[in-house]
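What follows is the residue order along each chain.
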Amino acid sequence: MKGIGLLFFASGAVYGMGGMALGIWMGTAHDFTLAPAHAHLNLLGFVTMALMGVFYHVTPSAAARFLSRLHFGLATVGLWLMVPGIAFSATGGNPGMAIVGSLLTAAAMLTFLVNLALTAFGPVRSARALPC
Ligand code: HEM
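The following refers to the structure shown.

### As for the coordination of the iron atom of the ligand
No other protein atom reaches the iron atom of the ligand as a donor apart from His-38 (NE2), found 1.9 Å away. Relative to the helices and strands, His-38 is located in helix H2 (residues 35-58).

See the structure below:
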């Protein structure tokens, strides 16, 4: 695995590590206020990013498009705003950061959907012309 697939997968592992560390902290401190932030860091950060990594690894034509890089950028910035935003909101703060993060996260999924549609229904490209 290399390229954008690896980038998604490696990011997922780092976020998974962070999500688990937060879960361990919550368990030992018996303070579950940040449970929604923990859940979103694990599910969007680890599960979704890793799943996208597998998709781009097995679909080189989609990985080769600029959309895959745009997808990664939107997903990353969205997560970095959304998870701290949820934590901020869960502790009584303004939910604005979580809202902006969630919109960017949804935009990332829309980018993925467009890339997927182009892969499924777009012009067929020669496998030899694609980077490995
Ligand atoms: C070392 C690993 C993990 C630890 C120690 C841990 C710990 C916790 C704790 C203490 C809670 C709060 C439970 C409560 O409110 O009663 C929680 C909730 C949750 N965790 Fe984890 N967790 C871990 C990994 C994961 C992973 C890998 C995922 C998903 C892929 C996940 C998803 C969730 C979800 C969805 C909730 C419920 C959140 C909510 O109620 O708002 N956790 N976890």
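### Focus: a nonpolar patch on the surface
Together, Met-1, Leu-6, Phe-9, Val-54 and Val-58 give the surface a local cluster of nonpolar side chains, amounting to about 440 Å² of exposed area. Counting only elements with at least two residues in the nonpolar patch, the list comes to helix H1 (3-29) and H2. Among the structural elements, Val-54 can be located in helix H2. A relative accessible area of 40% means that Val-54 is categorised as partly exposed.

### Describing the site of the ligand
With respect to spatial proximity, 13 residues lie near the ligand, and among them Met-20, Gly-23, Ile-24, His-38 and Asn-42 are the closest. In the environment of the ligand, a nitrogen atom lies 2.8 Å from a nitrogen or oxygen atom belonging to the side chain of His-38. Residue Asn-42 places a side-chain N or O atom 3.4 Å away from a nitrogen atom belonging to the ligand. When contributions to the shell around the ligand are tallied by element, the ones reaching two or more residues are H1 and H2. Here the element with the most residues in the shell around the ligand is H2; it accounts for seven residues. Tallied by class, residues from the shell around the ligand come to nine nonpolar, four polar and no charged.

About the criteria used
Residues numbered from 1 in each chain as written. Predicted model: local features only at pLDDT ≥ 70, side-chain atom pairs only at ≥ 80, totals over all residues. Heavy atoms only, no water. Donors = N, O, S within 2.8 Å, 3.2 Å for Na, K, Ca; no water. Helix = DSSP H or I, 4+ residues; strand = E, 2+ residues; numbered from the N terminus. Patch = residues over 30% accessible without salt bridge, like charges linked within 9 Å, V, L, I, M, F, W, Y side chains within 5 Å. Areas by Shrake-Rupley, 256 points an atom, 1.4 Å probe, with all protein chains shown as cover. Salt bridge = Lys/Arg side-chain N within 4 Å of Asp/Glu carboxyl O. Buried < 20%, exposed > 50% of the residue type's maximum accessible area, 1.4 Å probe, protein only. Near = heavy atom within 4 Å. Polar contact = N/O pair within 3.5 Å; in protein donor to acceptor, adjacent residues only side chain to side chain. Nonpolar A, V, L, I, M, F, W, Y, C, P; charged D, E, K, R; others polar.

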